[in-house]
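Here is how the chains run, residue by residue.
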Amino acid sequence: MLYSLLTKYSYYHNLDTILNYALLYSENNKILHASEDFEIWQEDEAYKVCLSCIWKKEYIHLSVFFPNKKQTIRGSLIVWVFISLVFTLASIGAFIFIVINFFKQKKIVEIKNDFVNNMTHELKTPLSTISVASEVLLQAKESVDSKKVHKYSKIIFDENHRMRKLVDKVLNIATLEKDRLEIEPEEIDIHALICKTVSNFCLEACDENVKVDYDLNAQNPHVNADTLHLRNIFNNLIDNAIKYSEQNPEITIATENINGELNIRVSDKGKGIPRDAASKVFDKFYRVPVGNIHNVKGFGLGLYYVKTMMEAHGGRVEIMSNLHKGTRIDLFLPQ
């Protein structure tokens, strides 16, 4: 009957029903009656209660021992431990995510600030030139030499054209981002396009003595691609090679057929790019950090455009660079 009452009580209070018990004399803990599995050493860890509200030597107390107590407690806590662990890991993960995003946003802000600074610097120069030329023309007398008028008018026209090219470059990037890019492929002789593009670029934009070496070894130089975008790609790469060369730029343009692809290599012997920056130069607005210096013009959009257009043609672009030794850009177009 005693065992039955104890198990019922334990079950009612959601305790373990596997238990050992004993009735012991309160004076000396001598066992009066005990379950078969009860051992005297269990008395130290047992739960005890006197069967009388007044203590006397001859009175008896009840001692109950739960052999599976630790396992039962661990079993009841395991769910809460697991939930706590999940929430802890989630909190740590959320914290790491927030920190990573914070640094990403900080980097984006820095890049965009750099872009705005460069754009301001780029626009300030032609605006100043136009302002000076316009002021000269406004102050000129009616008898002014027509050659001088033509000279300053040409300056205004050129600087206006330069600003329009800057705006067009930014608008082109906006068009790429909105997935409104249109490719009009046609069969192109890359060798002829390269020679024509370099010739036109150097005629219009080269202020220095630029040396261009051709190593056009591709047996099949024909690809299906958009002529306008490929010309822009070559312009960007040549422009970079010139801008990042100390003096008298030396550029090598090579072609080769490799595994069904046309490989176009544009190499220079300029400043090169640090290893940690080489993987980022194709990101939008990214420029190799040089501090608050604007001696090299640009917005960090040229190589982003190159990468985007190569992928739009089903190709890819790779870069190899050694600091102070030069940079090599590899274009791969499917044939």
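An account of the accompanying structure is given in this report. Quantities reported herein were computed from a predicted structural model and do not represent experimental measurements.

1. Here we look at the packing of aromatic side chains
- Applying the stated rule across the entire model yields 3 aromatic pairs.
- Measuring from centroid to centroid gives 6.0 Å for Y47 and F66, while their planes differ by 65 degrees, and the two rings are edge-to-face. With a gap of 19 residues between them, Y47 in strand β3 (residues 47-50) and F66 in the loop between β4 (60-65) and α2 (69-139) connect regions that are remote in the sequence.
- When its relative accessible area of 47% is taken as the criterion, Y47 is described as partly exposed.
- Residue F66 is classed as buried on the basis of its relative accessible area of 15%.
- A cation over a ring is seen here: R316 above F332, with NZ or CZ 4.0 Å from the ring centre.

2. With respect to the pairing of strand β2 (residues 31-34)
- One ladder, built from 3 bridges, connects strand β1 (residues 20-25) with β2; its direction is antiparallel. Counterpart to A22 in the pairing with β2 is A34.
- What sits between β1 and β2 in their antiparallel hairpin is a turn of 5 residues, with N29 showing a positive phi close to 60 degrees.

3. Quick look at the nonpolar core
- One finds I190, L230, I233, F234, I251 and L331 to be the most contacted residues of the largest nonpolar core, which totals 42 residues.
- A total of 7 residues in this core trace back to one element, the largest contributor, which is helix α5 (residues 227-243).
- With residues up to four places along the chain from it excluded, the contact list for L230 reads I188, I190, L193, A225 and L333.

4. Observations concerning the sheet that holds β4
- Strand order in the open sheet formed by 4 strands is β2-β1-β4-β3, with antiparallel pairing between adjacent strands. The sheet is open, and its two edges are formed by β2 and β3, each paired on a single side. Averaged over all pairs of adjacent strands, the angle between their axes in this sheet comes to 20 degrees, without regard to strand direction.
- Its contacts with the sheet put helix α1 (residues 2-12) on β1 and β4, and the angle it makes with β1 is roughly 125 degrees.

5. With respect to the sheet that holds strand β6 (residues 211-216)
- Taken together, 5 strands build an open sheet; the order of strands is β6-β8-β9-β11-β10 and the sheet is mixed. The sheet is open, and its two edges are formed by β6 and β10 (316-322), each paired on a single side. Here the average twist between neighbouring strands, direction ignored, is 15 degrees.
- Bridge analysis of β6 against strand β8 (residues 250-258) gives 6 bridges, and the strand direction is parallel. The residue of β8 that forms the bridge with K211 is E250.
- Along the sheet, α5 contacts β8, β9 (261-268) and β11 (326-334); its crossing angle with β11, the most-contacted strand, is approximately 170 degrees.

Parameters and conventions
- Residues numbered from 1 in each chain as written.
- Predicted model: local features only at pLDDT ≥ 70, side-chain atom pairs only at ≥ 80, totals over all residues.
- Heavy atoms only, no water.
- Phe/Tyr/Trp six-rings, centres within 6.5 Å; stacked < 30°, edge-to-face > 60°.
- Helix = DSSP H or I, 4+ residues; strand = E, 2+ residues; numbered from the N terminus.
- Buried < 20%, exposed > 50% of the residue type's maximum accessible area, 1.4 Å probe, protein only.
- Lys NZ or Arg CZ within 6 Å of the ring centre and 35° of its normal.
- Pairing = 2+ DSSP bridges.
- Core = buried A, V, L, I, M, F, W, Y, C linked by side-chain atoms within 4.5 Å.
- Contact = heavy atoms within 4.5 Å.
- Axes fitted to C-alpha atoms, helices over the stretch in contact; angles between N-to-C directions.

Everything listed is a geometric property; what it means functionally is a separate question.
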